[in-house]
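Observations on chain architecture
Here's the letter readout for the chains.
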Amino acid sequence: MRVSITVHRLFLTMSALVAAAVFSVSCSKTYKDIDVKDVRLENMRLSSLRSVDAVMAVEIENPAVQRFKAENIKGTIYRKSEQVATFSSDDVIKLEPKSVSESKITVRVTLDNPLNFIESLAKDRGLKFGDYTIDIQADVSSGLVKVTYKKKGLDVKSMMEKEL
């Protein structure tokens with residue numbers, strides 16, 4: 001009797017592990033289809049000599065059948081492949097299945113070296129968006145499954161042109 005209960009528990013445990021693996025693979029394939037359609041600057045204020053708090057409107061498409069949540073959003077801003085700033089947000093973005101939605105998030109941007117950034121602005125006579133790229137990452141979860149979503153080398157100029 002005990003042997004059959006132990007075998008039954010082992011079978012249930014193995015079935016649960018297989019189901020979890022299948023679910024996690026299906027989620028990890030679909031979260032990659034999430035697409036940032038548009039990013040707009042809504043508001044901005046200086047929070048210190050090195051950092052700025054900005055409210056961004058982010059339009060995101062979730063073509064998957066799962067509901068996702070994105071949090072721990074952070075990234076790096078590069079100018080001509082050299083890191084100039086980092087950014088992060090504590091806000092949570094909820095992504096409904098098979099939808100395009102807009103969320104407003106507060107992002108803190110911190111300059112690595114404010115003097116170098118100001119010098120480059122003066123030298124270039126303004127901000128040239130074509131010189132800038134962004135790497136971004138966020139924790140994306142659906143139920144019990146959590147993965148890290150990463151995009152590297154996003155072109156700031158093309159993001160700005162979408163707005164125009």
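Bear in mind that the values here come from a model prediction, so they are computed numbers and not experimental data.

**Things to note about the overall build of the protein**
Summing up its helical and strand segments, the protein has 3 helices and 8 strands in all. Starting at the N terminus and walking to the C terminus, you meet the elements of the protein as α-β-β-β-β-β-β-α-β-β-α. Here the protein, with 164 residues, has 31% of them falling under the buried criterion. Counting contacts in the protein only where the partners sit at least 6 residues apart, residues at least 24 apart contribute 61% of the total. Total accessible area on the protein is roughly 11,000 Å²; 58% of this is exposed by carbon and sulfur atoms.

**Observations concerning the pairing of strand β6 (residues 99–111)**
Here strand β2 (residues 51–62) runs beside β6; their pairing, made up of 12 bridges, is antiparallel. From the neighbouring strand, Met-56 faces β6, where its bridge partner is Ile-105. Where strand β4 (residues 82–89) and β6 come together, 4 bridges link them in antiparallel fashion. By the bridge assignment, Thr-86 is partnered in β6 with Thr-110.

**Points about the pattern of salt bridges**
Counted by the stated rule, this structure contains 5 salt bridges. We note a salt bridge from Asp-53 to Arg-108, for which the minimum N-O separation is 2.7 Å. In this pair, Asp-53 sits in strand β2 while Arg-108 sits in strand β6, placing the two residues 55 residues apart along the sequence. Assessed through its relative accessible area of 12%, Asp-53 is described here as buried. Relative accessible area serves as the criterion here: at 39%, Arg-108 is assigned to the partly exposed category. Arg-67 is the partner of Glu-96 in a salt bridge, and the nearest nitrogen-oxygen pair spans 2.9 Å. Separated by 29 residues along the polypeptide, Glu-96 in the loop between β5 (93–95) and β6 and Arg-67 in the loop between β2 and β3 (68–79) bring together distant segments of the chain. Accessibility expressed as a relative area gives 34% for Glu-96, which makes it partly exposed. Under the relative-accessibility criterion, Arg-67 is labelled exposed at 52%.

**Here's the deal with unusual backbone geometry**
Excluding glycine, residues mostly carry a negative phi; peptide bonds, for their part, are mostly trans. At Ser-81, a residue that is not glycine, the phi angle is positive and equals roughly 70°. Phi is positive for Lys-98, which is not a glycine, with a value near 50°. Within the element layout of this structure, Lys-98 appears in the loop between β5 and β6. On the accessibility criterion, Lys-98 (61% relative accessible area) is exposed.

**A closer look at the confidence of the model for the protein**
In the predicted model, the protein carries a mean pLDDT of 76, and 73% of its residues have values of at least 70. Predicted confidence for residues 1–8 stays below pLDDT 50, and this span has 0 contacts to residues more than four positions away or in other chains. This stretch, residues 12–29, has a pLDDT under 50; its non-local contacts, to residues over four places away or in other chains, come to 8 contacts.

So, how was this worked out
Residues numbered from 1 in each chain as written. Predicted model: local features only at pLDDT ≥ 70, side-chain atom pairs only at ≥ 80, totals over all residues. Heavy atoms only, no water. Helix = DSSP H or I, 4+ residues; strand = E, 2+ residues; numbered from the N terminus. Buried < 20%, exposed > 50% of the residue type's maximum accessible area, 1.4 Å probe, protein only. Contact = heavy atoms within 4.5 Å. Areas by Shrake-Rupley, 256 points an atom, 1.4 Å probe, with all protein chains shown as cover. Pairing = 2+ DSSP bridges. Salt bridge = Lys/Arg side-chain N within 4 Å of Asp/Glu carboxyl O. pLDDT = per-residue confidence, 0-100.

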